[in-house]
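# Tertiary structure, described
The primary structure of each chain is shown beneath.
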Amino acid sequence: MADAVAVPGMRLRPADRLVVIVAAAALCAWTAAISDVALTGAVPAAWKLAFAASFASVSQLPALRVTRGYGPASLDLGVAALLIGCVVLGPAWSVVLFGPAVLLVHTLLRRRPLVALYDATFFTAATGAAVGVAALVGASSWSSPRGLLALALAAMTLRAAQRLARALHRSVVCGVAFPPTLLDRLAVEPVVLAANGAVAGALLVVVAVDGPSRLTLPLAVATAFLASHVIVTAYQANRRTRALERATSHLGQLDELGIADVALRSACELFECRSAELQLAPDRRRPPRRYELEADGVVVCRPGSVATADMSGGDDVMIALRGPAGDFGRFWLRFESRVSLTPGEWGALRSFAQTVALAILAAGLYDDVRVDGARQAHDASHDPLTGLANRALLQESVRTAVEAPHNLTTALLLLDVDHFKEINDTLGHAAGDVLLRRVADRLSSLGRPGDLVSRLGGDEFAVLLTGLESADDAAPAAEDVLRLLTEPVAFEGMRLSVEASVGLACYPADAADADELLRRAEVAMYQAKSARGSWVRYERQHDGSSVDRLALVAELRSALERDEIVVHYQPQADLATGQIIGVEALARWEHPGRGLLMPVDFIGVAEQSGLVRPFTLRVLDLAVAECAWWARRGSSATVAVNLAARSLLDRQLPRDVAAVLARHSLPPDRLVLEITESTATSELEVVEEVLGRLRRLGVALSVDDFGTGYSSLAFLQRTKVNELKVDRSFVSGMLESESDVALVRATVLLAHSLGARAVAEGVEDPRLAEALRGIGCDMAQGYWLSRPVPAQELQVLLGVDEVGQGARFQLPEPRLEKPLPVKHLRAVEG
């Protein structure tokens, strides 16, 4: 502890200032007492001087106090020493001797120098005040009624000074409120004064009288002291219980900082320590930390380690904070001087520490629940890839914006990233994810306070603008979106070009409510997609085609219920024999008002409207039923059904396929499921799981459009496939391009090395068929064989109709109007 002497340029702490003030008062009292002694010349007898000084010293020993720990209710004999000194030595000598006597005791006990100085100077100042009050009575003899009144006033003055000093110390050092501290525990003061008076009177009688009565007086003194001991101890236990109840009554309603604040302040009040500290071990969210009560009464949290000892001697007391998993912290009390707590005080401290520990654990659990709840709420309303708001939060925000009581404009920008599928298929999902995150970052940098940027799914984003003066103010935002997105995105040394189609709709100019605003922004976006890299604001006169498209969603649901979805079949011929050995099932919609619709007209609607699963099951059921009918009539042809990418995210798909095969009694190896190459190379765990279960079911797997996506040999190594279908873009160029011939030949060789067959698509020329046969391709399909036909016509080609002739495609000798590429000729000749 720092010295109490003021140094130029040095600021004293509040506790040091208090010592300086008390020392100044003591100096005044001591000077006055010395002057009085010097003027009167009254020198008492040596034995009286020794007796009074010795009792003044002994009265300050901790062994003569009822409780050795803390509290102004401790039954010390300071008042008794004052009474004895006044009678035996006189008031002036009491003031002169008592301060040095207290300093001697503190020095022998090795107290801190500043603590010893404070107590000695305080006792001197308080004795001077008590003697001064007694002098005002003007008693000529201590044994007279006036003299007894003077002694009583001196005793009460000293005790009041002790209480005032204690209150000031706790208020300045511990931050406890001054008036409650001063008025606390007044009920026990009469007991303390009576006990001190009894001890002083008994000792004075012992000094004054002779004979056997001296032997009985110590017994009377001990009886009085023990009675006071019982009363004070009971009072302190009761007070401590009430204080503990007050201190812990609200801990369960606070967070960790609030608990630390209450605990530290209550510790200083309950145990009257110099300072307190709460140390907590690290948990799964926070590092080790220490809460301390500053001199200005503010509780602060600092990083720090946790002590390992359960307690320490001297001026500090430390107790563990225990939980179900063991110790997780320490509660540390620091006192002004060496203390030795009684069993009752230790019990109170343990109860207090345990209550604080339970409150901290409960607050931590509540905080964990609150954080987990907040995280779950955030996850439910935000996109996991970009961190932007998702569709649900956007819809809620749009509804809130349009229903707000204002006359301002709300604008919704809906944008779709162009060429995203090509980037995703060519470079993989990692590149696609990087691109989506960069788009999200750029859109977030564009938004103003109050605006909302969201990702709706896939490559669709939205920006909600609120508080606009007019619909025209939204146009610059659309321009900024296009400008920001035109800057290329870097990925593994490449620069990916990004463009977007932006649709804009405003409330109330373009829509009457939130749902209509969302729909019309989507209409505008699809209008913008016809001119990529542009933005379009919703216009009612251009809404027809998009309205028709939206109407297809409801009509498609009805079409599935009314069996309007049918299947046409395109044959696949064996290039070695010309025999049809398989067919591909292609969906058609026999629309009652629009005629026969091709997949391009409604597949996108099915994928965006959540109808992928019922649509896939409808096509699968029709194709499997037809193939089973062929099998019963002797045909060994297989049937291939295309699977949408979303189907492979459905863990129910293998069970659905097994149920359809069982319902129509078709062997699994007669069914071929075609997946796109971009889907096949996906690294999603669910895709791997679904493909593995389909493979174990026994159905054949075919990779469609092989060579157009981001080929993954790792996928072909992990999952055995039965077919690789060469895309028509390579097959059709074989007659002109040596590179296309090389690519087709490489695909055929890869398929054969994997134990799979190679199927060429888009064969529309007999010369292509002959060239494919020359390089070892297994099967072909295309207009040269047949266009997709209904089931009845295919039955004729398969020979399973009533006539039962079947079809065999003749492969003529090549009659080339112009020579094929050199490598191809070599392959044919070989």
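Bear in mind the structure is a predicted one, so any value in this text is a computation, not a measurement. Residue positions within a chain follow its written sequence, with the count starting from 1. Given that the model is predicted, a residue must reach a pLDDT of at least 70 before its local features are reported, and side-chain atom pairs must reach 80 or more before they are shown or counted; all residues, however, enter totals for whole chains, interfaces and linings. Heavy atoms from the whole structure form the basis of all side-chain values; hydrogens and water molecules are not counted.

### Re the overall build of the protein
To qualify as a helix, a DSSP run of H or I must reach at least 4 residues; to qualify as a strand, a run of E must reach at least 2; elements of each kind are numbered from the N terminus. Counting its secondary structure elements, the protein contains 28 helices and 21 strands. Each residue is placed in one exposure class: buried if its accessible area under a 1.4 Å probe, protein chains only, is under 20% of its type's maximum, exposed if it is over 50%, and partly exposed if it falls in between. By the burial criterion, 48% of the 830 residues in the protein qualify as buried. Whether two residues touch is decided by their heavy atoms; if any such pair falls within 4.5 Å, the residues are in contact. For the protein, long-range pairs separated by at least 24 residues make up 67% of all intrachain contacts whose partners lie at least 6 apart in sequence.

### Notes on the environment of Cys301
Locating Cys301 in the fold gives a position in strand β3 (residues 299-303). Cys301 gets classed as partly exposed once you look at its relative accessible area, which sits at 42%. Setting aside residues up to four positions removed in sequence, Cys301 forms contacts with Arg289, Arg290 and Tyr291.

### Topic: unusual backbone geometry
With an omega of 10°, the peptide bond running from Tyr507 to Pro508 counts as cis. As for its placement among the helices and strands, Pro508 is situated in the loop between β11 (499-507) and α16 (514-529). Phi is positive for Asp563, close to 60°, though the residue is something other than glycine. Examined against the element boundaries, Asp563 turns out to sit in the loop between α17 (544-561) and β13 (565-574).

### Examining the packing of helix α19 (residues 612-632) against helix α20 (residues 653-664)
The angle between the axes and the distance between the axes are what describe a pair of packed helices. Axis definition: a line fit to C-alpha positions, over the contact stretch in the case of helices; interaxial angles, taken between N-to-C directions, run 0 to 180 degrees. Interhelical geometry of α19 versus α20 gives an angle of 30° and a closest axis separation of 9 Å. Relative to α20, the crossing made by α19 is right-handed. Residues Arg613, Leu617, Leu620, Asp621, Val624, Ala625, Ala628 and Arg632 of α19 lie in contact with α20, whose contacting residues are Asp656, Val657, Val660, Leu661, Arg663 and His664. Tallied by class, residues from the contact of α19 with α20 come to eight nonpolar, one polar and five charged. In a left-handed crossing the near helix is turned counterclockwise from the far helix by less than a right angle, and in a right-handed crossing that turn is clockwise. Three classes are used: nonpolar for Ala, Val, Leu, Ile, Met, Phe, Trp, Tyr, Cys and Pro, charged for Asp, Glu, Lys and Arg, and polar for all others, with Gly counted as polar.

### As for the sheet that holds strand β1 (residues 275-280)
Only strands joined by at least two bridges in the DSSP assignment are considered to pair. Strand order in the open sheet formed by five strands is β3-β2-β1-β5-β4, and the pairing between neighbours is antiparallel. The open sheet terminates on both sides in strands that have one partner only, identified here as β3 and β4 (316-323). Each adjacent strand pair in this sheet contributes to an overall mean axis angle of 20°, direction not counted. As defined by bridge partners, β1 adjoins strand β5 (residues 326-334) across six bridges and the pair is classed as antiparallel. Following the sheet pairing, Ala276 is matched in β5 by Leu333. The sheet contacts of helix α10 (residues 256-271) involve β1, β2 (289-293), β3 and β5, and relative to β2 the element is tilted by about 45°. Of the strands in this sheet, β1, β4 and β5 touch helix α11 (residues 343-381), which is tilted by about 45° from β4.

### Considering the sheet that holds β11
Spatially, five strands are ordered β7-β8-β6-β11-β12 in an open sheet, and the strand pairing comes out mixed. Each edge of the open sheet is held by one strand with a lone partner, namely β7 (452-457) and β12 (535-537). Pairs of neighbouring strands in the sheet enclose a mean axial angle of 20°, with direction left out of account. Two strands pair when backbone bridges link them, and β11 and β12 are joined in this way by three bridges, in the parallel orientation. Among the inter-strand pairings, Gly503 is bridged to a residue of β12, identified as Val536. This element, helix α15 (residues 475-485), spans β6 (409-418), β8 (460-468), β11 and β12 of the sheet and lies at about 165° to β11. Contacts from α16 reach β6, β8, β11 and β12, with the element oriented near 145° to β11.

### Observations regarding the packing of aromatic side chains
Only rings of Phe, Tyr and Trp enter the pairing, Trp through its six-membered ring, and a pair is recorded when the two centres are within 6.5 Å. The plane angle decides the type: under 30 degrees is stacked, over 60 is edge-to-face, the rest tilted. Following the criterion strictly, the structure yields three aromatic pairs and no others. Arranged with centres 5.6 Å apart and planes meeting at 75°, the rings of Tyr569 and Trp630 form a pair that is edge-to-face. Residue Tyr569 is located in strand β13, and its partner Trp630 is located in helix α19; the two are separated by 61 residues in the primary sequence. Here Tyr569 falls in the buried class, since its relative accessible area comes to 2%. Residue Trp630 is classed as buried on the basis of its relative accessible area, which comes to 0%. These aromatic residues form a ring-pair network of at least three members: Trp589, Phe602 and Phe615. If you follow Arg787 out to its NZ or CZ, it ends over the ring of Tyr783, 3.9 Å from the centre. Look at NZ for Lys and CZ for Arg. If either is within 6 Å of the ring centre and within 35 degrees of the ring normal, a charge sits over the ring.

### A word on the pattern of salt bridges
The salt bridge definition used is simple: a Lys or Arg side-chain nitrogen within 4 Å of an Asp or Glu carboxyl oxygen. Enumeration according to the criterion identifies 24 salt bridges in this entry. For Glu256, the salt bridge is made with Arg289, and the minimal N-O distance between the two is 2.8 Å. Here the residue Glu256 occupies a position in helix α10, and Arg289 occupies one in strand β2, the gap between them amounting to 33 residues. For Arg537, the salt bridge identified is with Asp510, shortest N-O distance 3.1 Å. With Arg537 in strand β12 and Asp510 in the loop between β11 and α16, this residue pair connects regions lying 27 residues apart in the sequence. Residue classification places Asp510 among the buried positions, given a relative accessible area of 9%. In the salt-bridge network here, residues are joined through shared partners; they are Glu584, Glu674, Lys725 and Glu761.

### A short note on the confidence of the model for the protein
The quantity known as pLDDT measures the predictor's confidence residue by residue, on a range of 0 to 100. Mean pLDDT over the protein: 74, with 67% of residues reaching 70 or higher. This stretch, residues 1-12, has a pLDDT under 50; its non-local contacts, to residues over four places away or in other chains, come to 19 contacts.

### Regarding the side chain of Glu674
Checked against the element boundaries, Glu674 lands in strand β17 (residues 671-676). A relative accessible area of 1% places Glu674 in the buried class. The contact partners of Glu674, leaving out residues within four places of it in the chain, are Gln572, Glu584, Ala640, Val641, Asn642, Leu643, Ser702, Asp704 and Lys725.

### Examining the nonpolar core
Here the nonpolar core consists of buried residues drawn from Ala, Val, Leu, Ile, Met, Phe, Trp, Tyr and Cys, with membership extended through side-chain atoms lying within 4.5 Å. The biggest cluster of nonpolar side chains holds 50 residues, and the ones touching the most others in it are Tyr569, Trp630, Val639, Val657, Leu671 and Leu673. For this core, the element with the most residues is α19, which contributes eight residues. Of all hydrophobic cores here, the second largest spans 34 residues; its members include Val417, Ala431, Ala474 and Ala477.

### Describing the pairing of β1
Judged by how many residues are buried, β1 sits mostly within the fold: six of six residues are covered. Of the two faces of β1, the one carrying Ser275, Glu277 and Gln279 and the one carrying Ala276, Leu278 and Leu280 are both buried. Of the pairings in the sheet, the one linking β1 to β2 comprises four bridges and is antiparallel in character. The partner of Glu277 across the bridge, within β2, is Glu292.

### Remarks on the environment of Ala92
Turning to its location among the elements, Ala92 is positioned in helix α4 (residues 91-108). Between the alpha carbons of Ala92 and Gly128 there is a distance of 8.3 Å; along the sequence they are 36 residues apart.

### Comments concerning α20
Take the number of residues in a helix, subtract one, and multiply by 1.5 Å to get its expected span. Here α20 spans 17 Å end to end across 12 residues, near enough to the 16 Å set by a 1.5 Å rise per residue. Within the span of α20, buried status applies to Leu653, Pro654, Asp656, Val657, Val660, Leu661 and His664. For α20, the angular spread of the buried residues around the axis is 165°, confining them to a single face. When the buried face of α20 is taken as reference, the exposed residues oriented beyond 90 degrees from it are Ala662 and Arg663. The first or second residue beyond α20 is Ser665, which carries a positive phi of 55°. Comment: arc refers to directions from the helix axis out to C-beta atoms.

### So, the side chain of His568
Within the element layout of this structure, His568 appears in strand β13. Judged by its relative accessible area of 11%, His568 falls in the buried class. Residues within four places of His568 in sequence aside, it is in contact with Glu584, Ala585, Leu586, Arg588, Leu596, Pro788, Val789 and Pro790.

### Topic: the pairing of strand β19 (residues 723-726)
Of the two faces of β19, the one holding Glu723 and Lys725 and the one holding Leu724 and Val726 are both buried throughout. When strand β18 (residues 700-706) meets β19, the two strands line up parallel, connected through three bridges. Residue pairing in the sheet places Val703 in a bridge with Leu724 of β19. Inspection of the sheet shows β19 paired to strand β20 (residues 757-760) by four bridges, in the parallel sense. Across the sheet, the residue bridging to Glu723 is Arg757, located in β20.

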